[in-house]
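Residue strings, one per chain:
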Amino acid sequence: MENFDQTDARILKELQQDATQSLEALGDSIGLSRNACWRRIRALEETGVITGRVALVDPEAADLGLMVFMQVRTHSHDPDWQTNFKKATRTIPNILSVYRMTGDLDYLIRARVRDMAGYDALYQQLIHLVPIADVAASFVMEEIKDGTALPL
């Protein structure tokens, strides 16, 4: 965004903490009118700086208390395999994030499942959809920090 300024950064900081706050409350906290806040938020959305507004759900309440990181290695790096892998991982709701990596690891997947049986079902679903050379999994024992706000 060409005109991204300190006021926009303050708006984004506030919205990252609580996107449900009223425009009046937001304006009061940063010193702008309700309409000025609305115009800036709309501009941030239209330019793609704000990509969405979501509710964060407690994984335990959703019965998805086990987080798993899956380290994926593949024999193939051709465009068709990559396209199929992207499609497959996007269709599995338990997969939250997928990253293509450098080094020995090809992809890193972050997923939420109920338990080990849930992980096995996820694993079986993934390898059914796309051929994978190797999958290793690490299970989270304790979440120390899991944030969503970017430091602005």
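Residues numbered from 1 in each chain as written. Predicted model: local features only at pLDDT ≥ 70, side-chain atom pairs only at ≥ 80, totals over all residues. Heavy atoms only, no water.

## Brief notes about the pattern of salt bridges
A pair can form between side chains of opposite charge whenever their charged atoms are brought close.
(1) Moving on: Applying the stated criterion across every chain yields a total of 8 salt bridges.
(2) Moving on: Between Arg40 and Asp8 there is a salt bridge, and its shortest N-O distance comes to 2.8 Å. Taken together, the residues Arg40 in helix H3 (residues 34–46) and Asp8 in helix H1 (residues 6–17) connect sequence positions 32 residues apart.
(3) Moving on: Judged by its relative accessible area of 25%, Arg40 is partly exposed.
(4) Moving on: With relative accessibility at 2%, the residue Asp8 sits in the buried group.
(5) Moving on: The partner of Arg112 in a salt bridge is Glu143, and the shortest N-O contact between them spans 2.3 Å. Note that Arg112 is positioned in strand S3 (residues 107–113) and Glu143 in the segment after strand S4 (134–139), a separation of 31 residues in sequence.
(6) Moving on: Using a relative accessible area of 7% as the deciding quantity, one classes Arg112 as buried.
(7) Moving on: A cluster of three or more residues bridged by salt bridges with shared partners is formed by Asp5, Asp8 and Arg40. (Salt bridge = Lys/Arg side-chain N within 4 Å of Asp/Glu carboxyl O. Helix = DSSP H or I, 4+ residues; strand = E, 2+ residues; numbered from the N terminus. Buried < 20%, exposed > 50% of the residue type's maximum accessible area, 1.4 Å probe, protein only.)

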